[in-house]
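Letter by letter, the chains look like this.
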Amino acid sequence: MISENNTDSNESEYALQISDFMDRYLLLCSEDDVFLINSLCKTLRDAIDSGRVPSNFNMSGKIEELRRCRLNDHYIRAFLNSLGGVTFLKCIDLSFNEIGCDGAKAIASFIQEDKNLKQLHLQSNNIDSPGGTAIAKALQINDSLHYLDISNNSIGDKAGSQLASTLQINCTLIHLNISGCSLGASSLISLSTALHNNDTLRTLNISNNKIPQSLESDVLMHISKMMHHNVGIVDLDISKFGIGDWTTVNHLGAAIKWNTRVSNLNLSCNRITKDGCIAICKSLCFSQKVLTFLNLSCCAVQDEGAAAIAFMLGKNSTLSKYL
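The present account deals with the structure reproduced in this document. (Residues numbered from 1 in each chain as written. Predicted model: local features only at pLDDT ≥ 70, side-chain atom pairs only at ≥ 80, totals over all residues. Heavy atoms only, no water.)

### Overview of the overall build of the protein
The test is simple: A run of H or I in DSSP becomes a helix once it reaches four residues, and a run of E becomes a strand once it reaches two; helices and strands are each numbered from the N terminus. Partly exposed describes any residue whose relative accessible area lies between the buried limit of under 20% and the exposed limit of over 50%, with all areas from a 1.4 Å probe on protein chains only and scaled to the type maximum. Residues count as neighbours in contact if any of their non-hydrogen atoms are within 4.5 Å of one another. Only the protein chains shown count as cover for residues, and the accessible areas themselves come from Shrake-Rupley with a 1.4 Å probe.
Looking only at helices and strands, the protein features eleven helices and twelve strands. With the C-alpha coordinates aligned to their principal axes, the bounding extent of the protein is approximately 65 × 40 × 35 Å. Here the protein holds 323 residues, and 54% of them are scored as buried. A sequence separation of at least 24 residues applies to 86% of the contacts in the protein between residues at least 6 apart. Accessible surface for the protein amounts to roughly 13,900 Å². Of this, 49% is attributable to carbon and sulfur atoms.

Structure, rendered in structure tokens:
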């Protein structure tokens, strides 16, 4: 449940922090009438006895103890209130729980003040627009978090636009997963525009945010421009996005041709057929020397597209993996 981070210089300080945290956790769970995670308590006791410092709290709803009793807003407030003064914790996994708006706002308040946490996993909860907006605003102040996964939460356009504003300021976030977050055209365009000048983010997953066909061209035009201007992102996932042939031919093909940074591109489960596939393959035949992984799985590229792929693979010396 908790990974260990062995240290020498701060062992006594961390041992005291672990003991204090456990005392506060037991007290607040009792006062707020919420259950104890027994495996967490056991690992903390073991850490005190052994001197091995935990760096990762895995409180995912997928662990055996929580499968039938997921963490909710009330529990999250009690847990976070017990973390005061803790500096050894680097990663919290709260995925697959039942955290809603109030819990997300409590998390936002925590990360706004925290200076040590590096990774936060919040995927597949019940976080809505106000909760997502609060977390996005907190990241304008937080300067330690490197990894945020808030995928499969319906945070919507307002929170997505707030994330775009945050990415104009935040200089520490490296990995952002906002897949399946009910983002619309306006927030996706705002994000793409904001990322023109962000050189910190390395991994961006905006997949499964399907947009109406009437707005597809506008959104893909901005994403393509982002690929041209951004000098940070190396891993881009726009699968399950509803991308069709017209936008691939007119926008995405050129973006791939002149791409200078993205090395992993996931376009799977889109509406790309033979024409779009041929446009991509033409871009990859001669001039493109950056892309090493391309995923076009579950796209109906047909025989003509397959032939274009075969020809491209004979010409391209950079692409090492294709799906």
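There's more to say after this.
### Description of the environment of Asn-208
With respect to the helices, strands and loops of the structure, Asn-208 is situated in the loop between β8 (203-205) and α8 (213-229). Relative accessible area serves as the criterion here: at 33%, Asn-208 is assigned to the partly exposed category. Along the chain, Asn-208 and Asn-97 lie 111 residues apart, while their C-alpha atoms are 20 Å from each other. For Asn-208, the residues in contact, after removing those within four places along its chain, are Asn-152, Ser-179, Gly-180, Ser-239 and Lys-240.

### Some words on the packing of aromatic side chains
Selection rule: Pairing of aromatic rings covers Phe, Tyr and Trp, the last counted by its six-membered ring, and requires centre-to-centre distances within 6.5 Å; plane angles under 30 degrees mean stacked, over 60 mean edge-to-face, and any other angle means tilted.
One pass over the structure, following the stated rule, counts seven aromatic pairs. In this structure an aromatic cluster arises from ring pairing among Tyr-14, Phe-21, Tyr-25, Phe-57, Phe-79 and Phe-88.

### Some points on empty space enclosed by the protein
For clarity, the cut-off: As defined here, a cavity is a set of points on a 1 Å grid over the protein atoms alone where a 1.4 Å probe fits but cannot get out. A pocket is an open set with protein on both sides within 12 Å along at least five of seven lines, and residues line them when an atom is within 4 Å of a point. Grid points are joined across faces, edges and corners, and a volume is the space filled by probe spheres set on the points. Lys, Arg, Asp and Glu make up the charged group, whereas Ala, Val, Leu, Ile, Met, Phe, Trp, Tyr, Cys and Pro make up the nonpolar group; the residues left over, Gly among them, are polar.
On inspection of all chains with the given rule, the structure shows one cavity of 30 Å³ or more. Estimates place the volume of the largest cavity at around 30 Å³. Forming the walls of the largest cavity are Leu-83, Val-86, Leu-89, Phe-110, Asp-114 and Leu-117. Along the lines of polarity and charge, the residues of the lining of the largest cavity split into five nonpolar, no polar and one charged.

### Here's the deal with the sheet that holds strand β6 (residues 147-149)
The test is simple: Being paired, for any two strands, means DSSP has found at least two bridges between them.
The ten strands lie next to each other as β3-β4-β5-β6-β7-β8-β9-β10-β11-β12, forming an open sheet whose pairing is parallel. Single-partner strands in this sheet number two, and they are β3 (56-58) and β12 (321-322). Examined bridge by bridge, strand β4 (residues 91-93) and strand β5 (residues 119-121) share three bridges and lie parallel to one another. What sits directly across from Cys-91, in β5, is Gln-119.

### Considering the environment of Asp-102
Note on placement: Asp-102 falls in helix α4 (residues 101-113). Note on Asp-102: relative accessible area 45%, which makes it partly exposed. Taking C-alpha positions, Asp-102 is 9.9 Å from Ala-134, a pair spaced 32 residues apart along the chain. Sequence-distant contacts of Asp-102, defined by excluding residues within four places in its chain, comprise Asp-73 and Arg-77.

### Re the side chain of Asn-266
Position of Asn-266 among the secondary structure elements: in strand β10 (residues 264-266). With near-sequence residues (within four places) excluded, Asn-266 lies in contact with Leu-236, Asp-237, Ile-238, Ser-239 and Asn-295.

### Some words on the pattern of salt bridges
We apply this condition: In the sections that follow, a salt bridge refers to a side-chain nitrogen of Lys or Arg positioned within 4 Å of a carboxyl oxygen of Asp or Glu.
Across all of its chains, the model carries five salt bridges by this definition. Lys-274 is the partner of Glu-304 in a salt bridge, and the nearest nitrogen-oxygen pair spans 3.9 Å. Within this pair, whereas Glu-304 is found in helix α11 (residues 302-315), its partner Lys-274 is found in helix α10 (residues 274-285), the two being separated by 30 residues in sequence. A relative accessible area of 29% means that Lys-274 is categorised as partly exposed.

### With respect to the packing of helix α1 (residues 11-31) against helix α2 (residues 38-50)
Heads up, the condition is: Orientation is described by lines fitted to C-alpha atoms, with helices fitted over the stretch in contact, and by angles between N-to-C directions that extend from 0 to 180 degrees. Orientation labels follow simple angle bins: below 35 degrees gives roughly parallel, above 145 gives roughly antiparallel, 65 to 115 gives roughly perpendicular, and whatever is left gives oblique. Crossing handedness is read from the near helix: turned anticlockwise from the far helix by less than a right angle, it gives a left-handed crossing, and turned clockwise, a right-handed one.
Remark: α1 packs on α2, axes separated minimally by 10 Å, with the N-to-C direction vectors making an angle of 155 degrees. What the angle tells us is that α1 and α2 run roughly antiparallel. Crossing of α1 over α2 shows left-handed handedness. From α1, Ile-18, Ser-19, Phe-21, Met-22, Tyr-25 and Leu-26 reach across to α2, where they touch Leu-40, Cys-41, Leu-44, Arg-45, Ala-47 and Ile-48. Along the lines of polarity and charge, the residues of the contact of α1 with α2 split into ten nonpolar, one polar and one charged.

### Side note on unusual backbone geometry
Located in the positive-phi region is Asp-33, a residue other than glycine, with phi close to 55 degrees. Relative to the elements of secondary structure, Asp-33 occurs in the loop between α1 and α2. Judged by relative accessible area, Asp-33 falls into the exposed class, the value being 69%. A positive phi angle is found at Ser-182, which is not glycine, with a value near 60 degrees. Counting through the fold element by element, Ser-182 comes out in the loop between β7 (175-177) and α7 (185-194). Classification of Ser-182 as partly exposed rests on a relative accessible area of 46%.

### So, the side chain of Asn-209
Formally: Pairs of N or O atoms within 3.5 Å make up the polar contacts considered here, provided that, within protein, one atom can donate a hydrogen while the other can accept it, and that residues adjacent in sequence are counted only when both atoms are side-chain atoms.
Considering the arrangement of structural elements, one finds Asn-209 in the loop between β8 and α8. For Asn-209, a relative accessible area of 1% puts it in the buried group. At a separation of 3.0 Å, a polar atom in the side chain of Asn-209 contacts the main-chain amide nitrogen of Leu-183.

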